[in-house]
Structures are given as C-alpha cells and as structure tokens.
Protein chains: 2
Amino acid sequence: MSKIVSRAGRPRSFDQQVALGDALDVFWRKGYEATSLDDLTEATQLSRSSFYAAFGSKRELLLHAYRRYADAFYADMKALADEHEDTDVALRAVVRALVDTRPDDRGCFCVNAIVELAPSEPELAELGRAHIQRMCALLEELITQRGTRRPVARAQAATLMTLTMGSAVFRKASVDEDTLKFVQKQALGLLDLA
Amino acid sequence: MSKIVSRAGRPRSFDQQVALGDALDVFWRKGYEATSLDDLTEATQLSRSSFYAAFGSKRELLLHAYRRYADAFYADMKALADEHEDTDVALRAVVRALVDTRPDDRGCFCVNAIVELAPSEPELAELGRAHIQRMCALLEELITQRGTRRPVARAQAATLMTLTMGSAVFRKASVDEDTLKFVQKQALGLLDLA
DNA sequence: CACATTCTGGACTGAATGGTCCACAATATT
DNA sequence: AATATTGTGGACCATTCAGTCCAGAATGTG
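Residues numbered from 1 in each chain as written. Chains lettered and ligands numbered in written order. Predicted model: local features only at pLDDT ≥ 70, side-chain atom pairs only at ≥ 80, totals over all residues.

Going by an unreviewed UniProt entry, chain A carries the name TetR/AcrR family transcriptional repressor of nem operon and comes from Dyella japonica.

Structure representation (structure tokens):
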C-alpha cells in the first residue's frame, strides 16, 4: 500500500494517517454516498491528485477508514477491559461504554457503514461481520471469566452487541437519554451487574 | 395531497398506492442517496412528469414511503398482538416477529432511513422517533397487562425495541442465523417467556 | 362533436459527480 | 549542479444527477 523506501524525489507534505482520520470524520458524519470528493479534499486539505495517489479511490478510502475505526474501537474496548483487575468491574465498564447513553447524531460508524453499504459492498459487509464477531468474542471471554458457562456467555455476548448497535440507532434518532439509560441498565441487569 | 374529484380530463393510468409501494421497495433495497430518479421511474413505470405530478420530489416521496411503511409495520404488530387472547402468547408472537432471525439484507426500512438520513433530515428523524415511541408504547402496554409494574415495563419495552433495531443491523451484515436465534431467545428470556 | 381538462413521453437543463491528466515544483542522489 | 524521482495544483472530462417543460394524447362534459 505505502512505499517503505523511496530512492529520491519530493517528500510528502502531509501525514497520511491524519488525512485518513479527517476523511473518516466526514464519512462518519455524512455517510458514504452523501460525501463528495470535494468534501474529502476540503477536509483532508489534499489536492485531488494527492488524494488519489494516497488512497486510490473514494471506495478504497472508505475501506481504509472502516478498518482503522474498527481496529481502534476494538483496541479501546480491550484496553478498557484490561484496565480493571476484577472481571465484574471490567465488564461493567465495557458494557457502559458500548451501550452509550450520550446522544450522538453521528451514531456508530460501523453501524452506519453496514446499514448503508452492506448489500452493495460485500467486502465491507465482511469487515462488518468480522468486527461484530471480534467484539462478541471479547465479551464472551470476559463473561466466561466470571464462571458463566460457554454457551450462555455466547448468547449474552451476542445480545449485548445487539443492544450496542440498537442503541446506536436510538442515539441517531435522538431518542431521549432516559430511555437509553433504561436500556443500559437492562444490559447490565442481563449480567446481574445492575 | 390527492384530488378527490376531477371535473374532467384524462384519468390517471396508474395506481398511486401501487407506485408508492414500488418506490418504497427501491428505497428499501438501495437507500435514499443511491436511488436515482431513473431507478424510481423504472420501478414505478412512471414517466418523469407523472412522477413529479404524483409525488412532488424524491424527498417528499421518501417521506410518504416512510410513513406508509411505519404505519403498516405498527398495524401489523398491533394486529398480531390482538390475534391472541393470552397476553403471554401475544407478547411471544410480537417479540418473535420483531427480533426476526431470518437473514434479510434489506434490513428494516426504518433503521435504514434513520441511519442514513436522521442527521440531515430533521423531519424524518422526527418520524423515526415517533415510530420508535409508538412501538415502545405498544410493547409497554402488553407487558403491563401481565402484571409488570409500569416503570419496569417501560424499560423492558425500550430494551426490546433496541434489540429489534440491533438485530436488523445484524441481519443486514449477514450475521449467522444461530447468533440471531440466541438474541431472540434472550429477548424472550428477558420477559420470562423463553 | 367540440371543448376543457388532465395525463404522459421524452427532450432538455444546469449543476454536481468521481476520476484523469499534465505542467511544474520540490527534494535526494550522484 | 545536473538529474532522476516523486508530489502538487488545477484544469479538464464524460457521466449522472434531480428537476423542468412542452407538445400532443386521452378522456369526461356539455
């Protein structure tokens, strides 16, 4: 994807990772189709040629952005879990972070991308599935650590991820915060952590 | 919106309701931005002029389609609930229908529309919120009928709707059916109906 | 039958789309 | 300093977009 060594020539005057972050932000706020090349070049401060040299196309950029977001999200949750010695405390922290109660009209980037593009972009659908699976596995592992038997832990993990994505839709529809608090409490209750 | 009487002139050669249904189907499959006027005129078999005469604009048509879908969805669920004398049986049927386990890459039209358009279309966001609220109220009413106290019923209803929308995202990402069955079972378990 | 009214096909429009291209700028190597 | 290599700005392109418009077709009314 990126050259490791270059024998000569003018060096890049921008940080590709920063530009990727800026682009992700636009996709996150506006969605894929509604984001134009002009939006992207403005947000990243790149000329069209630099943009295409760096990212190939709008579609490839989206896939990059998705991977970056999903990886960061997973890493954050894993770090949050590892922060706490006590499994119950870790689990409570993770569930609270997942079933967020703060209104956010951007929602969850993964949910946005899956909903908009999964049917027409099998590659992205696959990334989405992988992300969901990875998150479920993380939760399942945490849950089994408190003595819950594997099959039950699996069902609970899947349910928590479903609540996570559902609450992202709620937040995007600006459902009132109290309702989201109910949902979060029920999610914790599911694990006897209420 | 539609003329009740016309004093004369050439009559319409198409059924507006049928055309609306056809258009809904396209929006449902492809999303709003990705649906072109050509897609819509092809699906409805209308010429551009008939299309604009009947629906005003692409945006207005979407709002019509959304209302129609949401109303039909609510009516279906209400009918399903009324079908059964026993509240537990009714509740079980409704939850099974909501937290569907059949893969469907179109997902739920309401979820699709909210996720794609809520931030840029406040009017649609409002319709989305109203739909969620109405569905929650229906569930809440059913749950209180089995003796559950109001605040608990409200929390459970909100949770069920969250699971409904989350599972729509799962289905769109083609998450395996077994996982969706787990989620459905947990949803029923939440109400001690497992 | 003539007329008023409405509907319809398709040509048309200006704007915006994603993407390409090239002359020139900037730097590392020799 | 000459050269090779890469980056950059902006003009440019064909295509597609949502939406308009009008000439003519079709039908009810008198």
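Additional details are given in the paragraphs that follow.
(A) A look at the UniProt feature "domain: HTH tetR-type" (unreviewed entry) in chain A. Feature annotation in UniProt places "domain: HTH tetR-type" (unreviewed entry) on residues 13-73 of chain A, given in this structure's numbering. Taken end to end, residues 13-73 of chain A is 77% helix and 0% strand, and its first and last C-alpha atoms sit 28 Å apart. (UniProt positions renumbered as here; feature names shortened; annotations may be inferred. Helix = DSSP H or I, 4+ residues; strand = E, 2+ residues; numbered from the N terminus.)

(B) How the structure looks around the interface of chain B and chain A. At the interface, 39 residues of chain B touch 38 residues of chain A. For the side of chain B that touches chain A, the secondary structure elements donating two or more residues are helix H6 (109-117), helix H7 (122-144), helix H8 (150-172) and helix H9 (177-190) of chain B. Residue contributions to the side of chain B that touches chain A peak at 14 residues, all from H8(B). Of the residues belonging to the side of chain B that touches chain A, the class tally is 18 nonpolar, 13 polar and eight charged. (Contact = placed C-beta atoms within 7 Å. Nonpolar A, V, L, I, M, F, W, Y, C, P; charged D, E, K, R; others polar.)

(C) Region of the structure containing the relation of the copies chain B and chain A. Superposition of chain B onto chain A requires a rotation of 180° combined with a translation of 0.0 Å along the rotation axis, giving an RMSD of 0.1 Å. Here the copies are linked by what is in effect a two-fold axis. Relative to the rotation axis, the C-alpha of Gly166(B) is the closest in chain B, positioned 1.9 Å from it. When you check the interface residues of chain B against chain A, 97% turn up at the interface there too, and the contact is symmetric in its surfaces. (Least-squares fit on C-alpha atoms with pLDDT ≥ 70 in both.)

(D) Inspection of the packing of H6(B) against H7(B) at higher detail. Residue and element names in this part refer to chain B. Between H6 and H7, whose axes approach to 9 Å, the crossing angle comes to 140°. Here H6 is positioned oblique relative to H7, judged by the angle of their axes. Read as a crossing pair, H6 and H7 show a hand that is left-handed. Only Leu124, Ala125, Gly128 and His131 of H7 make contact with H6, whose side of the interface consists of Cys110, Ala113, Ile114 and Leu117. Residue composition of the contact of H6 with H7, by class: six nonpolar, two polar and no charged. (Axes fitted to C-alpha atoms, helices over the stretch in contact; angles between N-to-C directions. Parallel < 35°, antiparallel > 145°, perpendicular 65-115°, else oblique. Left-handed = near helix turned anticlockwise from the far one by under 90°.)

(E) Quick look at the UniProt feature "DNA-binding region" (unreviewed entry) in chain A. The feature "DNA-binding region" (unreviewed entry), as annotated in UniProt, sits at residues 36-55 of chain A in this numbering. What you have in residues 36-55 of chain A is 80% helix and 0% strand, and the ends, taken at the C-alpha atoms, are 15 Å apart.

(F) Examining unusual backbone geometry more closely. All names here are of chain A. Notably, Ser174 is not glycine yet its phi reads approximately 60°, a positive angle. Note on placement: Ser174 falls in the loop between helix H8 (150-172) and helix H9 (177-190). Using a count of 18 C-beta atoms within 10 Å as the deciding quantity, one classes Ser174 as partly exposed. (Buried ≥ 20, exposed ≤ 12 C-beta atoms within 10 Å, placed from the backbone.)

(G) Region of interest: H9(B). All names here are of chain B. Taking 1.5 Å as the rise per residue, H9 with 14 residues should run 20 Å; its terminal C-alpha atoms sit 20 Å apart, in good agreement. Inspection of H9 places Thr179, Leu180, Phe182, Val183, Gln184, Gln186 and Ala187 among the buried residues, and these make up the whole buried set. Just downstream of H9, Asp192 is the residue with a positive phi angle, here 55°. (Expected span 1.5 Å × (residues − 1).)

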